[in-house]
Amino acid sequence: MHGKPVTPIKTGIKGRGLLGKLGPNHAADPIVTRINPVTSDVEFIAAKRIDTDQYCIPGGMVDAGEPLSATLKREFKEEVASKCDEDVLQKVFANGNLLYAGPTYNDPRTTDNAWIETYVMHYHISDELAKKIKLSPQLSENSKVKWIRCDHHNLYGDHAKYVKMAEYNVVIKYVTTTLLNILAVTIIGLFIVIFIVN
């Protein structure tokens, strides 16, 4: 419309608003999860935004020419772990799974002509590695940083949807691993019984 990109939803806000440009603005959102050793809850590292007072995934915009993997790590470090050792961050970001790639129209910055397209990556880590992450908020954007449950009620934009996807992946992996372990123990037990009986 009038030479400007058009968002598939109507917001009533014209132009680029708070976003950097018209059309898609590319972002990267790393979700780092652990299983809390005390409560067994699946938790993720969340930053509390100053502008909305909501918790969020510590992500941000992809710089021109920047590889996605670099953006994920850079944004995480800037927003929630600026004091963390580089070798710890390397271990955190060693293996990730893509959860979602596409538009996120529920971001409050979306306008009729500008929107965010995000890449959401999930990194599940051990509690041992989680304890080595030195959390520190980017005070210009976030008031605090902490591990919170994935079912937290006050999450920014579409972040609740992505965090639920990460939690689902952790639970499925845990259940699958547990069932395989039970099956292996059962089979070994049967072989022992058969060996003793014969």
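Structural notes, computed from the coordinates. All values reported here derive from a predicted model rather than from experimental measurement.

Notes on helix α1 (residues 68-80)
- For α1, with 13 residues, the first-to-last C-alpha span of 18 Å sits near the 18 Å given by 1.5 Å per residue.
- For α1, the complete set of buried residues consists of Thr71, Leu72, Lys73, Glu75, Phe76, Glu79 and Val80.
- Those residues of α1 that are buried lie in contact with β1 (23-35), β2 (42-49), β4 (60-61), α2 (86-92), β6 (114-124) and β7 (142-149).

Brief notes about a nonpolar patch on the surface
- Where nonpolar side chains cluster on the molecular surface, the patch consists of Leu180, Leu183, Ile187, Leu190, Phe191 and Ile194 and spans about 600 Å² of accessible area.
- Along the polypeptide, Phe191 turns up in helix α4 (residues 159-197).

A look at the environment of Ile45
- Position of Ile45 among the secondary structure elements: in strand β2.
- The class for Ile45 is buried, based on a relative accessible area of 1%.
- Look past the residues within four positions of Ile45 in its chain and what remains in contact with it is Val32, Cys56, Pro58, Phe76, Val80, Ile133, Leu135, Val145, Lys146 and Trp147.

A look at unusual backbone geometry
- Even without being a glycine, Ser40 presents a positive backbone phi close to 65°.
- Tracing the sequence through the fold places Ser40 in the loop between β1 and β2.
- Take Ser40: its relative accessible area is 55%, and that puts it in the exposed class.
- Of note in this structure, Asp53 is not a glycine but carries a positive phi near 60°.

Some thoughts on the packing of aromatic side chains
- Within this structure, the stated rule accounts for 3 aromatic pairs.
- Among the aromatic residues, ring-to-ring pairing joins Phe76, Phe93 and Tyr123 into one connected group.
- A cation sits over an aromatic face here: Arg34 above Trp147, 4.5 Å from the ring centre.

Comments concerning the nonpolar core
- In this structure, Val32, Ile45, Phe76, Val92, Ile125 and Ile133 are the most contacted members of the largest nonpolar core, which totals 23 residues.
- Elements represented by at least two residues in this core include exactly β1, β2, α1, α2, β6, α3 (127-130) and β7.
- If near-sequence neighbours (up to four positions away) are discounted, Ile125 is found in contact with Val32, Thr33, Arg34, Val92, Ala130, Ile133 and Trp147.
- Membership of the second largest hydrophobic core comes to 15 residues, among which are Val42, Ala46, Ile148 and Val170.

Some remarks on the side chain of His159
- Tracing the sequence through the fold places His159 in helix α4.
- In this view, His159 contacts Cys56 and Ile57; residues no more than four positions away in its chain are not counted.

A closer look at the layout of surface pockets
- When its volume is computed, the largest pocket comes out at roughly 440 Å³.
- Taken together, 23 residues make up the lining of the largest pocket; nearest its centre are Arg49, Gly59, Glu79, Arg109 and Glu141.
- Those elements that place two or more of their residues in the lining of the largest pocket are β1, β4 and α1.
- Of all the elements, α1 adds the most residues to the lining of the largest pocket, at 3 residues.
- Residues belonging to the lining of the largest pocket are distributed by class as follows: 6 nonpolar, 7 polar and 10 charged.

Parameters and conventions
- Residues numbered from 1 in each chain as written.
- Predicted model: local features only at pLDDT ≥ 70, side-chain atom pairs only at ≥ 80, totals over all residues.
- Heavy atoms only, no water.
- Helix = DSSP H or I, 4+ residues; strand = E, 2+ residues; numbered from the N terminus.
- Expected span 1.5 Å × (residues − 1).
- Buried < 20%, exposed > 50% of the residue type's maximum accessible area, 1.4 Å probe, protein only.
- Contact = heavy atoms within 4.5 Å.
- Patch = residues over 30% accessible without salt bridge, like charges linked within 9 Å, V, L, I, M, F, W, Y side chains within 5 Å.
- Areas by Shrake-Rupley, 256 points an atom, 1.4 Å probe, with all protein chains shown as cover.
- Salt bridge = Lys/Arg side-chain N within 4 Å of Asp/Glu carboxyl O.
- Phe/Tyr/Trp six-rings, centres within 6.5 Å; stacked < 30°, edge-to-face > 60°.
- Lys NZ or Arg CZ within 6 Å of the ring centre and 35° of its normal.
- Core = buried A, V, L, I, M, F, W, Y, C linked by side-chain atoms within 4.5 Å.
- 1 Å grid on protein atoms, 1.4 Å probe; cavity = no way out; pocket = protein on both sides within 12 Å on 5 of 7 lines; lining within 4 Å.
- Points joined across faces, edges and corners; volume = space filled by probe spheres on them.
- Nonpolar A, V, L, I, M, F, W, Y, C, P; charged D, E, K, R; others polar.

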